[in-house]
Every structure is written in structure tokens, then in C-alpha cells.
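Read off the chains here:
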Amino acid sequence: MKKLLLVFFIIASLHSSAQKIYGTVFNDKGDLLPYASVTIKGTSIGASANNKAKFSFNLSPGSYTVVCQHIGFTRQEKTVVINTVDEEVTFILTEQKLDLKEIIIKSGGEDPAYAIIRQAIKKRSFYNKEVNAFECDLYTKDIMKLRMLPKKIMGRKIPEEDRKSIGLDSTGKGIIYLSESVAKVHTQQPDKFKMEVLSSRVSGSGGFGFTFPTFISFYTNNVKVFTEKFNPRGFISPIADGAIGFYKFKFLGSFFEDGKEINKILVIPRRNYEPLFSGIIFITEGDWRIHSCDLTLTKTSQLEIIDTLQITQIYVPVKNDILRVKNQLLHFNFKQFGIDAIGNFVNVYSSYNINPVYAKKYFDKIIIKYDTAVNKKSAAYWDTIRPVPLEAEEKKDYQVKDSIFQLEKDSLLSKRSVDSLNKKQGKLKPLDIFWKGIDRKHYTKTNITTWGIESLIKSLEYNTAEGVVATANFYYNRYLKKLRSNFSVQPHIRYGFNNTHLNAWADIDFNTRDLSTDKKIKRQSWSLSGGKRVSQFNNESTITPLNNTINTLIWGDNFMKTYENYFGSVGFTKRYESGLRLAINTLYEDRVPLENTANFTLIKKDSVNITPNYPYEKIAQQFTPHQAVIISFDVSIKPGQQYIQFPNNKMPVGSKYPTFSFNYTKGIENIFGSDVNFDKWKFSISDDKNLKLAGTIKYKIGIGGFLNNKKVLIQDYQHFNGNRSTAASEYVNSFQLAKYYANSTTAKFYSIGHIEHHFNGLLTNKIPLFKRLNWNLVAGSNAFYVNNKNNYAEGFIGLENIFKILRVDFVAAYANGNKGLTGIRIGFGGVIGGGVRTGGSGRNRSLSISL
């Protein structure tokens, strides 16, 4: 009985130790004031009101002064006594009455706002580095809602089943994403950061949610918002060192809080289509700190992807007059392609600890770490911990979607569920193999098997060696639980209708990605391939089959040069958490020439442009059949790699250092009849560097050569990735006007260099048409040097982000010191196009048509 009473007493004590203070915030006209800040005076304890102006948070018994503030309204304080019951408090805020100082501005004189901003600029660097380190608690609530989703997007119909699965009603409205996270954030000068995500919840999912942006600081000259996709140049702070050259300012008046005068200043961009904010910033008199701000970005701020982004921040004192952000609200609007979406990202910061002492190696490669039970918290836990109350539609979204998710999760391994998933795919339609292709999944209680055949029509190609080529590409994927590996097989069958050659080969891969017991990333793969295939002489060529088909049929330009080979290869790759990647591959090829057998063209009937199916620019006649055994070793490393650690895996998020790569390849004679004997090497350094307002630089520089070139066949030469098509070849890895094989070499030494500067709106934002269209300038150069008779250099200038996807360059080149060449190249580039990669041999990021 005593034990029972003790347990009851403890439970009762715990229940009474923290009561809830809750309420609503209104203005003096009776309207709701969403997202007001409610805090305990002198601390960072508190909450943010939600979109319906409701707030709530827990407090221990005692007497408190509760402060409510909202930008544009007079702050209100109330004394609240917390006992053993929840306490309701209503705040009614009046519009801020500003004191307009009697200042006479002479004709041509300066607004008093400029003097205030100059003082804030002088103090900017100090406040940016005011504390060496701090830690705080962070609560985030992120919500995205659709207000309109059309039946079709860019001509593609959205199935009704998909609309319902994301929670939309019949009008295309509804919440499509809702999540909450609780984290502990740690920072240290100059750039150390670590975040521990303690709990996270995503409506209708077992995912981990968003936790960025953690901080948006206007004390930095260049303000980064979310992702660089919004604007890789960043945005200029209203108190940046050169802000007066970018902004106009207007003094709107001042008011007093706790005896401190606060100046309200209107921020106005001097020019449109510059990365600038507009809105209001409040600066304290005397110490010139940011008190709060309400700033907006739009399309005229060079904002990409979304239409508007509003940033609201409210600062509170946390220690010895040190101010830190208490509440941050990001509100965005997206209205494109018939889609109308809005979103709110609320961050509430609390329990600041200024200048904590961290262990020497506390800040390591893990910058975000998710607790092992991060997504296991109950709904009751969230009801007690969240400082921003849920709105009615949010509660409903959680209830409905979580119930469906749990039901699907509980029935996932049931026979009924497995049968339902298999049946949901519908009947197999054999005719789909011609255009759509076949993609099937077979579900069992323990695994999912994927298999299919790619479209036969989309795989058709034409070349002068084989004529019309039909290729059947099959695939089979399955997870092998015992080996903790993904197993895949890709058989290929290729038939040339003109030369009647049948080629068949297969690729087998075992890919392992796992965390070992010491939480180190384990990523390795084995690959085995063999059969008979058709290969390009340059195995790194950026010529795609589709590009070659169009060029050959229209112009008779058969740029792709191929040969047949019976082959077998074994490869092993391993990636380490440090960013180190090791790979070794052994290849056997029995190489057989392929002669031209077709000369059909659509326009040039005399086939005047068709050339032999071998690198005629380098060798005078077709190569002699031979065998080759080649071993290749690759090592690359990107030092300083950082990671996000999830409960069961890690995800790399990049490094500020470049990638260093080294390759050594050896041709071995007299093994399996091999006729080759050579040793070659190459070393390269590559990186992308964001220079903020100055743009982005991408570069790749390298050197290499042959240590031994006793027996080198044309397939094993050092080839430079040329391009004779109007479609651009892979940027920063090819030479846009160079011939494909004319400069191939077996020299002891060569060097290459690629560099391009993406201005990202710099300069073009001064040209009326370009700035409205948001077309951006790009320029650079590509070059290689073997000797004074074998060298090449080209420079280019162009426009990218055309319709968000295209890039057009004018290129001028000099080869071997001869008269220059010029040409136009069209490829992918911009917000969307910059991430497009097409298929085919090589990693070609180019338009798959020839203009």
C-alpha cells in the first residue's frame, strides 16, 4: 500500500509541477493577430501563436510577467500566477503609435533613417561575432497547403488516386505536408554547427521532417535563405557593409520599450531585379541592434522557384543585453503551372545558453544527428511539448493521415495487404513493351522484387555500322537481407538490322549500404559483366545514341565510332565516411572492327558527310582485331565531408574542399592472348565554388600521360572529349568545338583545364529584357595541351536559365594554333536545367537534339 501511495504521489507531483498557460491574441479592433510572440519577461521561455492567434506553453507554479508582442503593435505585459490549474490569458494589442521626431529635411537632404542604418552597419560585425558560442532549444512546425491543383500539369494528367493520396479534396485543396521537430542546436565561431534532433513527426509518415533553415541572420553581409536554388547569389542584408548603395531607407518613427527607443525604418530596394529585401526593420537607439524585422523577397528580388517569401523575426534579451531570435516565421507563396500553394515555417527558439564550453572534438563531421527514437514519440508527448498550438485542420490532418499510415503499416506484412499491392498494379499488358515499357513489382511478406523491360521504341537508334538498331534492356532488382545488399541484373540484347549482328551481354551488381556497429558508413559494390557488345572507341565519350541518330539521319554526320567486343569484367568499389572512394576493375576485351553497312540520310542523299567507322582523324585505316587485358585503379577523395546521421544511415551533405581524383590504368601483355602493353595515369581537381554576389565558379583541372606506351591500340589512347554537334556536350568535362579523335595521344604528359563562371544574374540584371526573364550570363574556357603541335583552347559566353531549363553558348576555339573556329552550342542550364542529366554513354548533360 505504501508503494502504491508513493507512486500515486509521484504521478500527482509530476502532473502538478507544470501547468499550461494558454490564450488568444487580438488587436484592439477584435481581429486575430497570428504568430504573435508570447514570452516570460527576461527569458527566452515562451511560444508563438499559431495562424488562429492561439498560444499555449507549460510553466511551473509561480508568478510570472508574460510579454506579448507582434510587429507593428505595442507590446503588452501581464502578471500571471500559476498554481495547480491551467491559466487562460487574453492579449489585446494596440497599433504601435510612433513618435515622429521634429526633424527638418532640407531640399536634397538625407532622411534620418540613413544615420541610424550607418550606425547599425558599423555594429553589424560586432553583433555577428558577439558571442563565441551558444546553444538553444528549437521547435519547428512546417506546413504546406495547396489552394489549387489543376487536373493536368504541362499536359500530363494527375490521377484522381494520387490527388486523394496526398490529402486533397475534390477542389484540389488540402494540406500536403505537415511536420514538427524538437531539436538542440549548438554553434561556435567561426563556423561550427551541430544539431541534435530529439523528436520529429510527419503527418501520415514515419519520416523525419525538415529542420532547416535553423537560423537566418541579417548580421551577415550575404543572407542565405533555405537552399541556393532560391538564389545562389544569396541576398544582401539591409545592414550589410554596402547596404546604402543597394537600399533606400525611410524613417517612419520610433517608440519605447523598457526605456529603450526603437526606430522603425522602411527598407526599399534602389533597383528591381537585385537580390534585395523590402519591408520593415526595427533598430534600437544607441546600441544599434536589430530589435525585429518583417522583410519580403519577390520575383523582382531574383527569387527563384517560389513567388514570394516573407521573413519575420522577433528578438528577445537572453543574457546581459544580448539579443537573440525568439520567433521566426517564413511564409511563402507559389503560383505557377496552375498550382497555387502556400506554406508557413515556424521556428521557436528557447533556453539559450551563452558561451557554453564544448569538448575539443564535439564538432565533428556529423552536423545533424537524429535520435534513435526520433519518430517514435506519441501524440500525447507532442500535446505537452509543442509551443505552437495545432489548428483544427492540422489536428484533422494528423488524425486522418496517421490513422491511414498506421493501418497500412500494421497490414503491410499481411497476406491480404500483399495480395492487394500485387493486384493494384493491374494486369500485365505485353504491348506496353513497345512504348511505355514494363515496370512491375512483386510483393511478398518479406521483400519487394522489381523487374521490367525498357521501351523498345524509345531504345531504337540508327548508325552507319549497324543500320537501324533495336535494343531490349531488361532489369531485375531484389534486396538480399542476409547479405544486406541490393542485387540487380541487367541483361541486354542488341540487334543491327543492316549488318544482322546480334549482341547480348549482362551486368550484375551487388550494392551494400549500411551502418556498421561503430556507426561508420559501409558502402561497397561488386560488379560483374560479360558477353558481346558494341562500344565506342572513347569509353568516356559524351556522344549519346539519340544525338548520333539525329545527326546521321539529317546531316550524314556519323560522329559515333564503334567496335564490337567479346568481354568480361569484374569491379569492386568502396566508399569511406571520410569521403575517400576506391575502385578497381579488371577488363578483358576481344576487339573486332565494325565497318559501315548503311548510308541512308534524310537530307543529304549523296551521303557526302559519312566517314569511316573508326577514328579516321587519328589512324589511316581500320584497326586489326586484337585482345586486351586491362586493370584500372581509381581513387578519389573530397576532404572535410559532412553528414546527416539518421537512426539507420548517414547522408553526405558536401564539403568546402574540392574533389581530388587519381587513375592508374595498365595494359598487360600475354595474358589470355592480350596484345597491349602500356601504363597511363591521370590526376584531376574539381569543384564548384559559390562566390555569392559574384556568381558561381565551376572548374576541373588535370594532368596525365603514359609512363609506358610500348603497345597502345587506338581504344586505349588518351582521348579528349570533343563535340561536333550543336547539342552541347557535358559541361566542365568536354571541349565544345574540338574534333573527337584528332588530338588523341600516347604522349608522356598532357594537361587539361575547364572553367566556367555562372554570373547568376550579375550584369544581366541591368538589361531590361534579361532581368525580367531572369536569363543569366555564363562564360568560361576549356583547353588542353600536349605539345606545340597538339593543343586546343576555346572560350565561350552564353545565356542560361532560359525558360528555367536551357542554355545557349557562343564558342570560339583555336586548335593546334590554326585559324579559329566558332559555333553555337545548346544545352541544359538554369534552375531546373542545371540538374538535368540525360542517358547514354558518358554523363552527358545536354540537349538530345541537333539544331
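Residues numbered from 1 in each chain as written. Predicted model: local features only at pLDDT ≥ 70, side-chain atom pairs only at ≥ 80, totals over all residues. Heavy atoms only, no water.

Brief notes about helix 2 (residues 113-128)
- Taking 1.5 Å per residue as the helical rise, helix 2 with its 16 residues ought to reach 22 Å, and the 22 Å between its terminal C-alpha atoms agrees with that figure.
- At lysine 122, helix 2 is deflected by roughly 35°, the largest bend along its length.
- Along helix 2, the positions that sit buried rather than exposed are Ala113, Tyr114, Ile116, Ile117, Ala120, Ile121, Arg124 and Tyr127.
- Buried positions along helix 2 lie against strand 15 (247-257), strand 16 (260-269), strand 17 (278-284) and strand 20 (322-336). (Helix = DSSP H or I, 4+ residues; strand = E, 2+ residues; numbered from the N terminus. Expected span 1.5 Å × (residues − 1). Bend = angle between axes of the 7 residues up to and from the residue. Buried < 20%, exposed > 50% of the residue type's maximum accessible area, 1.4 Å probe, protein only. Contact = heavy atoms within 4.5 Å.)

Quick word on the pairing of strand 20
- Most of strand 20 sits inside the fold, with twelve of its 15 residues counted as buried.
- Pairing analysis gives eleven bridges linking strand 19 (residues 308-319) to strand 20, with the strands arranged antiparallel. If you follow threonine 308 over to strand 20, its bridge partner there is asparagine 333.
- What sits between strand 19 and strand 20 in their antiparallel hairpin is a turn of two residues, with asparagine 320 showing a positive phi close to 45°. (Pairing = 2+ DSSP bridges.)

Focus on the sheet that holds strand 5 (residues 62-69)
- Strands sit in the order 3-2-5-6 across an open sheet of four strands; the sheet is antiparallel. Only two strands of the sheet have a single neighbouring strand rather than two, namely strand 3 (46-48) and strand 6 (76-82). Taking each pair of neighbouring strands and ignoring which way they run, the sheet shows an average axis angle of 20°.
- With four bridges connecting them, strand 2 (residues 37-40) and strand 5 associate as antiparallel partners. The residue bridging valine 38 from the neighbouring strand is cysteine 68, located in strand 5. (Axes fitted to C-alpha atoms, helices over the stretch in contact; angles between N-to-C directions.)

Some points on the environment of asparagine 498
- Relative to the helices and strands, asparagine 498 is located in the loop between strand 27 (485-496) and strand 28 (502-515).
- Along the chain, asparagine 498 and threonine 597 lie 99 residues apart, while their C-alpha atoms are 6.4 Å from each other.
- Residues contacting asparagine 498, with those up to four places away along its chain left out, are Glu466, Gly467, Thr597 and Ala598.

A word on the confidence of the model for the protein chain
- Of the residues in the protein chain, 92% reach a pLDDT of 70 or more, and the chain-wide mean stands at 88.
- A low-confidence stretch, residues 1-17 (pLDDT under 50), is modelled with four contacts involving residues beyond four sequence positions or located in other chains.
- When the criterion is pLDDT under 50, residues 839-851 qualifies, and its contacts beyond four places in sequence or with other chains add up to 51 contacts. (pLDDT = per-residue confidence, 0-100.)

Focus: empty space enclosed by the protein
- All told, the structure shown has seven cavities of 30 Å³ or more when counted by the stated rule.
- For the largest cavity, the calculated volume is near 90 Å³.
- Lining the largest cavity we find Gln69, His70, Ile71, Gly72, Phe73, Gln96, Phe255, Glu257, Phe282, His291, Ser292 and Ile314.
- Looking at the lining of the largest cavity, the elements with two or more residues in it are strand 15 and strand 18 (290-298).
- For the lining of the largest cavity, a count of residues per class yields five nonpolar, six polar and one charged.
- In this model, the second largest cavity occupies a volume close to 60 Å³.
- Lining of the second largest cavity is provided by 14 residues; of these, Ile543, Asn547, Asn723, Ser725 and Tyr740 occupy positions nearest its centre. (1 Å grid on protein atoms, 1.4 Å probe; cavity = no way out; pocket = protein on both sides within 12 Å on 5 of 7 lines; lining within 4 Å. Points joined across faces, edges and corners; volume = space filled by probe spheres on them. Nonpolar A, V, L, I, M, F, W, Y, C, P; charged D, E, K, R; others polar.)

Things to note about the pairing of strand 32 (residues 626-637)
- Relative to strand 32, strand 31 (residues 580-593) runs antiparallel, the two sharing twelve bridges. By the bridge assignment for strand 32, leucine 582 is matched with valine 635.
- Strand direction decides the pairing type here: strand 32 and strand 35 (residues 659-668), joined by nine bridges, are antiparallel. Opposite phenylalanine 633, over in strand 35, you have tyrosine 664 as the bridge partner.

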